[in-house]
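If you want the building blocks of each chain, they are given just below.
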Amino acid sequence: MLKILHTADWHLGKRLQEYSRLEEQKLVLDEICQIADRENVDLVLLAGDIFDTFNPAHEAVELLYKTLRRLSKNGTRPILAISGNHDSTQFVEAPDPLARELGIIFYSRYDSVIPCGKLDSGVEIMKSESGFIELKLPQAEFPVRVILAPYANEVSLRTYLGEEDREAEFRKILSAKWQDLADRNCDSKGLNLFLGHFFFMKEGEKPEAEPESERPILHVGGTQALFTQNIPTQIQYAALGHLHRYHAVGHDSIPVVYSSSPLAYSFSEADQEKKVVLIEAQAGQPVSYQPIGLKQGRPLYRVKFDNLPDTLSWLEAHPYCFVEITFVAEESIDATTRKAIMKAHDGIVSLIPQLKNTGGQESFALHVDDLGKDMETLFRMYYQSEKGQEPNAQLLGLFKEIISQTDPA
């Protein structure tokens, strides 16, 4: 029986508006390392979005390498890490030859082939081809086969999907590739895993919402899910990244699991407990898995108040968090109230005024007479209808900048 740790979506270097999350990331990655040691984990799967940007800051890169060295127990615990849609494929794979000596294997391009051979730790890469690796761990009697599915699009796959049903063609190409790998390499004599960074759902079900902080996956012109049925049936566990909430996607026979991000990265994630997943698996048998909650990092809260004393009392009771406050008022928040709120806490990300409906503002609806109005006028009408006041100069400036970028002229 092997123990495997599944984690994803570290987003190293991520900020919450002007707030750095690096210190929190250090704490939660330390927690993940402690869990791996406490549970005597044999293998770690990191399912993409390692960094938050294509060109991560030095501090984020340093944190990754220090964490992976510790997580690998100086090479005795192998780590498989794939790229996500936030990662640069070149940047992620660049340290692979050196990292591999510590049992850390980076994989980011579908045409890459990981060199075979035995590492100093005793871990052996027995077989490898594009999108696949087979490992032999000293403590296991059976090989571990992994289909590697980093984020990919039409360009990275170096294919043309045609002009009709491009989404279906995209699924068909990936499904055929994965099935071919499974048919040739994955039998009941080994442990068969899938490591991917895609937006998966069960066909026919309502898709899971992508988090506000996540850059939507644009495969071929629109946010589009792959289906769980595209994963070969030989697979015993599919370790996924991209969606930031822990959950298992529907599948008839195998667990298809998102481990979650280690921290809440947007207020849409405010009510989520972040997790890693501990898997117990062996060849030819169904796996068992359990989520383990992560405790480090500032929680995110969305709260609403209509008076200053209650606001200040709540902020005093919750000193270690990030908060988005909606403040209900007759008119815009006065300067004295705003100053008192902002001074009371160091983690206020947004202070949003919500005006009481004093005059029964008419709801915004377009009429034939409005069709000749310019975009700015229509935006003013909408904002007045929703907020009961005119948009300020800063908001208008931002709106003008947006429409200037989308103007076909």
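You'll find the structure just up there.
What this report covers is the structure whose coordinates are included nearby. (Residues numbered from 1 in each chain as written. Predicted model: local features only at pLDDT ≥ 70, side-chain atom pairs only at ≥ 80, totals over all residues. Heavy atoms only, no water.)

## Let's talk about helix α2 (residues 58-71)
Working step 1: Between the first and last C-alpha of α2 there are 20 Å, a value that for 14 residues agrees with the 20 Å anticipated at 1.5 Å per step.
Working step 2: Buried within α2 we find Ala-60, Val-61, Leu-63, Leu-64, Thr-67, Leu-68 and Leu-71. Along α2, the residues classed as buried sweep out an arc of 160° about the axis, all on the same side. Away from the buried face of α2 by more than 90 degrees, exposed residues His-58, Lys-66 and Arg-69 are located.
Working step 3: Turning to α2, the residues buried within the fold contact α1 (22-38), β4 (43-47), β5 (79-82), α3 (89-93) and β6 (104-107).
Working step 4: Directly beyond the C-terminal end of α2, a positive phi value near 55° is found at Lys-73. (Helix = DSSP H or I, 4+ residues; strand = E, 2+ residues; numbered from the N terminus. Expected span 1.5 Å × (residues − 1). Buried < 20%, exposed > 50% of the residue type's maximum accessible area, 1.4 Å probe, protein only. Arc of directions from axis to C-beta. Contact = heavy atoms within 4.5 Å.)

## Re the packing of aromatic side chains
Working step 1: Applying the stated criterion across every chain, the model contains 10 aromatic pairs.
Working step 2: Aromatic pair Trp-178 and Phe-194: ring centres 4.9 Å apart, planes at 85°, arrangement edge-to-face. Remark: Phe-194 occurs in strand β11 (residues 191-197) and Trp-178 occurs in helix α5 (residues 166-185); sequence separation between them is 16 residues.
Working step 3: For Trp-178, a relative accessible area of 0% gives the class buried.
Working step 4: Note on Phe-194: relative accessible area 0%, which makes it buried.
Working step 5: Measuring from centroid to centroid gives 5.5 Å for Tyr-301 and Trp-314, while their planes differ by 85°, and the two rings are edge-to-face. (Phe/Tyr/Trp six-rings, centres within 6.5 Å; stacked < 30°, edge-to-face > 60°.)

## Quick notes on the packing of α1 against α2
Working step 1: With their axes 10 Å apart at the nearest point, α1 and α2 run at an angle of 10° to one another. Overall, the two elements α1 and α2 adopt an arrangement that is roughly parallel. Contacts between α1 and α2 involve Leu-22, Gln-25, Lys-26, Leu-29, Asp-30, Ile-32, Cys-33, Gln-34 and Ala-36 from the first element and Glu-59, Ala-60, Leu-63, Thr-67, Arg-70 and Leu-71 from the second.
Working step 2: Its residues assigned to classes, the contact of α1 with α2 comprises 8 nonpolar, 3 polar and 4 charged. (Axes fitted to C-alpha atoms, helices over the stretch in contact; angles between N-to-C directions. Parallel < 35°, antiparallel > 145°, perpendicular 65-115°, else oblique. Nonpolar A, V, L, I, M, F, W, Y, C, P; charged D, E, K, R; others polar.)

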